[in-house]
Every structure is written in structure tokens, then in C-alpha cells.
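Each chain, written out:
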Amino acid sequence: MISGMIRSISKKYNEVNALNDISLDIYKGELLSILGSSGCGKSTLLYCIAGLEKPDCGNINLNDRVLFSKTKKVFIPPEKRNVSLVFQNYALWPHMNIFKNVAYPLQIRKVNKSIIKKEVFNILDLVGLSGKEKKYPFELSGGEQQRAAVARGLIMKPDILLLDEPFSNLDAKLREKMQDELKRIQKLTKLTMIHVTHDQEEAMRISDRIAIMNKGKLLQIGCPSEVYKKP
Ligand code: ADP
Ligand code: ADP
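A short tour of the structure in this document, coming up. Everything numeric here is computed off the predicted structure, so don't read it as measured data.

### Remarks on the site of ligand 2
Stage number 1. Residues in contact with ligand 2, as listed here, are Tyr13, Val16, Ala18, Ser37, Ser38, Gly39, Cys40, Gly41, Lys42, Ser43 and Thr44.
Stage number 2. Gly41 places a polar main-chain atom, nitrogen or oxygen, 3.0 Å from an oxygen atom of ligand 2.
Stage number 3. Mapped by element, the contributors of at least two residues to the shell around ligand 2 are β2 (16-27) and α1 (42-50).
Stage number 4. With three residues, α1 is the largest single contributor of residues to the shell around ligand 2.
Stage number 5. Across the shell around ligand 2, the residue classes break down as four nonpolar, six polar and one charged.

Encoded structure:
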């Protein structure tokens, strides 16, 4: 089932075509990886979906809602999109403990305190961080910090979880572990995820589909075995 539609979006920075006429469908519950080398436009595409960047043209729809339409002059701001973004760096606020970091998106929405508590403990359990709620980010390992960042992304039950190179700062072994964790969380929550990476192995390992980008263009999209046919 299609939950999102991107149609003919382009984005130019001065002379650079960061995105050049990108169209793709997003399927409900899939983990879609956007794969390509540095500078090919992956982050720009993610930010356009999140509403942090505005395309120059085209449309973005999510769950029957128009998030962006150049012709209809629609631009839904990021905080009203129900989309979460997990960054590779600066994921957590250093002055807040893990509970506060994860609870924050609910607190700013004025959710009832007892509900916040319940939701935060549920999500920390889901990402394997039970018992760490009073720790500060610097007291956690890199993998634990990234789990906490994913927990904060999950807490508001987004329509899509967007992940921008979430594991690229982790060592190889931990990276694989976190990839498997993400896959497990996806299966449990049935959440739609779009994940940006320049790592082909990572994309092959976790994705339901891979979209390959080069110089602002979408070259190919399909399941890993379609995109990388063995000779
Ligand atoms: P990476 O994919 O290696 O993490 P980034 O996505 O952060 O790199 O940036 C890719 C390229 O885009 C870099 O060459 C960077 O200089 C450029 N870039 C990113 N953000 C900006 C910006 N705000 N202004 C100008 N150039 C930028
Ligand atoms: P990727 O995530 O694949 O590394 P980006 O989407 O960050 O690529 O960048 C795509 C292109 O757009 C790059 O050439 C980059 O330098 C340029 N770019 C990205 N953001 C900006 C910006 N804010 N200002 C100017 N150029 C930018």
C-alpha cells in the first residue's frame, strides 16, 4: 500500500542541482534506503520530506495529506508533518537525562505527565535502554546514544521515521548490531522508515527497497536483489 508520493521535486542551490526531478512512492511499513555517494542529494531529499527544505517544484503527499505542492501553494511546516528525523550527530541534548531527551517531543505537545512516563518507559524498553533513563548522554556508549535518538524519534508515533546516516559514527561491529536492531524495531512497530546511507552493504542488509541516487537524480529503485543483480 502506498503511503507517500513524491512527484517531480527539484531543488537548486545556486548552480547546484541538489535534486533533479525526483519521483518515488513510499510504501506503508517499508524500510527504504536512499543510497549514493556524498553530495548526491540524499540529505536534501530527506529534508524536503521533513519540511526542513522547500523544493523548487513538484509535490509531496503523505497519508492522503498534501505536505508540499508548488502549484497549490501548500507547504506544511515540519512540526505539523508528523515526521521524525534522526541525525547522525548532535542527536541528544547534553544537559538533559535520557528520560527528558526522549520525553521532550511529548512535553512540548503538552501531553499528560503520566502518559508521558508510560510512553517513555515503553519506548526505552523497545530500543533496549530500560534502566538508563536517569543517565546523561555522555554516560552512554555511542550505540546507546543512537538508540536513545531513535527512541526520541519514535515517541510521537510518526507516520515516517527519517534517518540520516544514523550509524556512520559507530564502529563496524556496533554498526551491524544497530542495523539489526533497527530492522527489529521496524518489524515490531510496522513503521515506515526512510534511511539515508552511502554504505551499500548497510543498504543491502536492512532495506526492503533501495533507491540509488547520483548527482541529484534517482537512477534506480527496487528491492535489493533487483537493484544488485548477481552476475
Ligand atoms: P556528508 O554526506 O558527507 O555527510 P553533507 O550532507 O553534510 O555531507 O554535505 C554534503 C556537501 O554539501 C558538502 O560538500 C557540504 O559542504 C555541502 N553543504 C551541506 N550543507 C551546506 C550548507 N548549509 N551550505 C553550503 N554547503 C553545504
Ligand atoms: P548528500 O546528503 O547526498 O551528501 P546533500 O543533499 O547534502 O547530499 O547535498 C547535495 C548537493 O547540494 C551538494 O552538492 C551540496 O553541496 C549542495 N548543498 C546541500 N545543501 C546546501 C545548502 N544549504 N547550500 C548550498 N548547497 C547545498
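The rest of the description comes next.
### Notes on unusual backbone geometry
Stage number 1. A positive phi angle, near 50 degrees, is found at Asn14, a position not held by glycine.
Stage number 2. Mapped onto the elements of the fold, Asn14 is located in the loop between β1 (2-13) and β2.
Stage number 3. Exposure remark for Asn14: the relative accessible area of 72% places this residue in the exposed category.
Stage number 4. We note that Lys215 has phi near 45 degrees; this positive angle belongs to a residue other than glycine.
Stage number 5. Residue placement: Lys215 occurs in the loop between β10 (209-214) and β11 (217-222).

### Some words on the packing of aromatic side chains
Stage number 1. A complete count under the given rule lists three aromatic pairs for this structure.
Stage number 2. Geometry around Phe75 places Arg81 over its ring, the cationic atom sitting 5.0 Å from the centre.
Stage number 3. Of note, Arg152 hangs over the ring of Trp93, and the distance from its end group to the ring centre comes to 4.2 Å.

### So, the packing of helix α4 (residues 142-154) against helix α5 (residues 172-189)
Stage number 1. Where α4 meets α5, the axes come as close as 11 Å, and the angle between the chain directions of the two elements is 20 degrees. Taken together, the axes of α4 and α5 are roughly parallel relative to one another. Note that α4 runs across α5; the crossing there is right-handed. Together, Gly143, Gln146, Arg147, Val150 and Leu154 of α4 and Leu174, Lys177, Met178, Glu181 and Ile185 of α5 make up the contact between the two elements.
Stage number 2. Of the residues contributing to the contact of α4 with α5, the split by class is five nonpolar, two polar and three charged.

Thresholds, definitions, all that
- Residues numbered from 1 in each chain as written.
- Chains lettered and ligands numbered in written order.
- Predicted model: local features only at pLDDT ≥ 70, side-chain atom pairs only at ≥ 80, totals over all residues.
- Heavy atoms only, no water.
- Near = heavy atom within 4 Å.
- Polar contact = N/O pair within 3.5 Å; in protein donor to acceptor, adjacent residues only side chain to side chain.
- Helix = DSSP H or I, 4+ residues; strand = E, 2+ residues; numbered from the N terminus.
- Nonpolar A, V, L, I, M, F, W, Y, C, P; charged D, E, K, R; others polar.
- Buried < 20%, exposed > 50% of the residue type's maximum accessible area, 1.4 Å probe, protein only.
- Phe/Tyr/Trp six-rings, centres within 6.5 Å; stacked < 30°, edge-to-face > 60°.
- Lys NZ or Arg CZ within 6 Å of the ring centre and 35° of its normal.
- Axes fitted to C-alpha atoms, helices over the stretch in contact; angles between N-to-C directions.
- Parallel < 35°, antiparallel > 145°, perpendicular 65-115°, else oblique.
- Left-handed = near helix turned anticlockwise from the far one by under 90°.
- Contact = heavy atoms within 4.5 Å.

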